[in-house]
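Per-entry structural report
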Amino acid sequence: MMKNVVLFATTLALLGGCEMTKQTAPESTKTQQSDMEILYAMMEEQERNEDSHAVVSQDIGFISYRHRKEIANYANQIALELSDTVLGQKPESIAVASFVNFNESLRDTNQLGNQLAESLMHQMQKLGYQALDFKALGKIEVTSSGDLTFSRNASRLKNTQSPSHLLTGTMVYRPRGVEVNARLLEFNTNLVIASTVVTIPYFILDDQATASR
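The structure presented is a predicted model; accordingly, all values stated were derived computationally and were not measured. (Residues numbered from 1 in each chain as written. Predicted model: local features only at pLDDT ≥ 70, side-chain atom pairs only at ≥ 80, totals over all residues. Heavy atoms only, no water.)

On to the overall build of the protein chain. Regarding its fold elements, the protein chain presents 4 helices and 8 strands. Listed N to C, the secondary structure of the protein chain is α-α-α-β-β-α-β-β-β-β-β-β in terms of helices and strands. Burial statistics for the protein chain: of 213 residues in total, 30% are counted as buried. Taking the contacts inside the protein chain whose residues are at least 6 apart along the sequence as the reference set, 61% of them involve residues at least 24 apart. Accessible surface computed for the protein chain: about 14400 Å², of which carbon and sulfur atoms make up 54%. (Helix = DSSP H or I, 4+ residues; strand = E, 2+ residues; numbered from the N terminus. Buried < 20%, exposed > 50% of the residue type's maximum accessible area, 1.4 Å probe, protein only. Contact = heavy atoms within 4.5 Å. Areas by Shrake-Rupley, 256 points an atom, 1.4 Å probe, with all protein chains shown as cover.)

Following this line, the structure appears as structure tokens:
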């Protein structure tokens, strides 16, 4: 609305200028009409832009479809903060385990917990750390549905060297988001050498992300 007022004032000023020019150097009627057509066209375009902006800005509630954040962005933040707080050492190899719900058993995970682990494996490797994928079979199985090399069957996994460090954490469900407590541990001593806390808003997650398995 303010922009329309400014534009209208500008129009009056231009018209006043045209009137003064008339007294000293008369212009043709055709030129005046052309100027008015341009001004009206500008005002109509401004109104269309404001109407379009009003539609985009409508309140659609807590869920937003216009954010550009993804879980990978929060995994990147976790990785950076862990890397910044490592206590004077660089891990030789890191295994990343699923993040679990903070409850009595500390054994329950979900889509979010697994996706955080997958994203963090990439983010830590991108920062220059060696990431160990312990779910790899060490071979390729050719099947009708695809060529597979991962498994969650512990008896089928090959014996790999133990990692020097383990990255994992817990998830706490707060009113506005999931609080992710991440920590980097020495594998043999369980010594915490880095930790961080990040909250992921619920509108980033889909409906099944936090559903218990």
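Right, let's get into the packing of helix α3 (residues 71-85) against helix α4 (residues 111-126). The interhelical angle for the contact between α3 and α4, taken along N-to-C directions, is 55°, at an axis separation of 8 Å. As far as their axial angle goes, α4 and α3 are oblique. Two packed elements cross with a definite hand, and for α3 against α4 that hand is right-handed. Of the residues in α4, those in contact with Ile71, Ala72, Ala75, Asn76, Ile78 and Ala79 of α3 are Leu112, Gln115, Leu116, Ser119, Leu120, Gln123, Met124 and Lys126. Of the residues in the contact of α3 with α4, the class split is 9 nonpolar, 4 polar and 1 charged. (Axes fitted to C-alpha atoms, helices over the stretch in contact; angles between N-to-C directions. Parallel < 35°, antiparallel > 145°, perpendicular 65-115°, else oblique. Left-handed = near helix turned anticlockwise from the far one by under 90°. Nonpolar A, V, L, I, M, F, W, Y, C, P; charged D, E, K, R; others polar.)

With that settled, consider α4. Turn by turn, an α-helix covers 3.6 residues, leaving residues three or four places apart pointing in a common direction. With 16 residues, α4 extends 23 Å from end C-alpha to end C-alpha; this agrees with the ideal 22 Å at 1.5 Å per step. Leu112, Gly113, Asn114, Leu116, Ala117, Ser119, Leu120, Met121, Gln123 and Met124 are the residues of α4 that are buried. Lining the buried residues of α4 we find α3, β1 (94-96), β3 (131-132), β6 (165-173), β7 (177-186) and β8 (192-201). The opening residue of α4, the one whose side-chain oxygen lies 3.1 Å from the backbone nitrogen of Leu112, is Asn110. At the exit of α4 stands Gly128, carrying a positive phi of roughly 105°. (Expected span 1.5 Å × (residues − 1). Polar contact = N/O pair within 3.5 Å; in protein donor to acceptor, adjacent residues only side chain to side chain.)

Our next topic: the pattern of salt bridges. It is possible for side chains bearing opposite charge to pair when their charged atoms get close. Taken as a whole and judged by the stated rule, the model has 1 salt bridge. Put simply, Glu179 and Arg174 hold a salt bridge, and the shortest N to O gap is 3.3 Å. For Glu179, a relative accessible area of 18% corresponds to the buried category. In this structure Arg174 comes out as partly exposed when scored by relative accessible area, which is 41%. (Salt bridge = Lys/Arg side-chain N within 4 Å of Asp/Glu carboxyl O.)

What follows covers the nonpolar core. In this structure, Phe99, Leu112, Leu116, Leu120, Leu167 and Ile200 are the most contacted members of the largest nonpolar core, which totals 29 residues. Taken together, the elements giving at least two residues each to this core come down to α3, β1, α4, β6, β7 and β8. (Core = buried A, V, L, I, M, F, W, Y, C linked by side-chain atoms within 4.5 Å.)

The buried fraction of β6 is high, at 7 of 9 residues. Of the strand pairs in this sheet, β1 and β6 are connected by 3 bridges, and their pairing is parallel. The partner of Ile94 across the bridge, within β6, is His165. Sheet topology note: the strand β2 (residues 100-101)/β6 ladder contains 2 bridges and is parallel. Within the sheet, the bridge partner assigned to Val100 lies in β6 and is Thr170. The pairing of β6 with β7 spans 9 bridges and is classified as antiparallel. (Pairing = 2+ DSSP bridges.)

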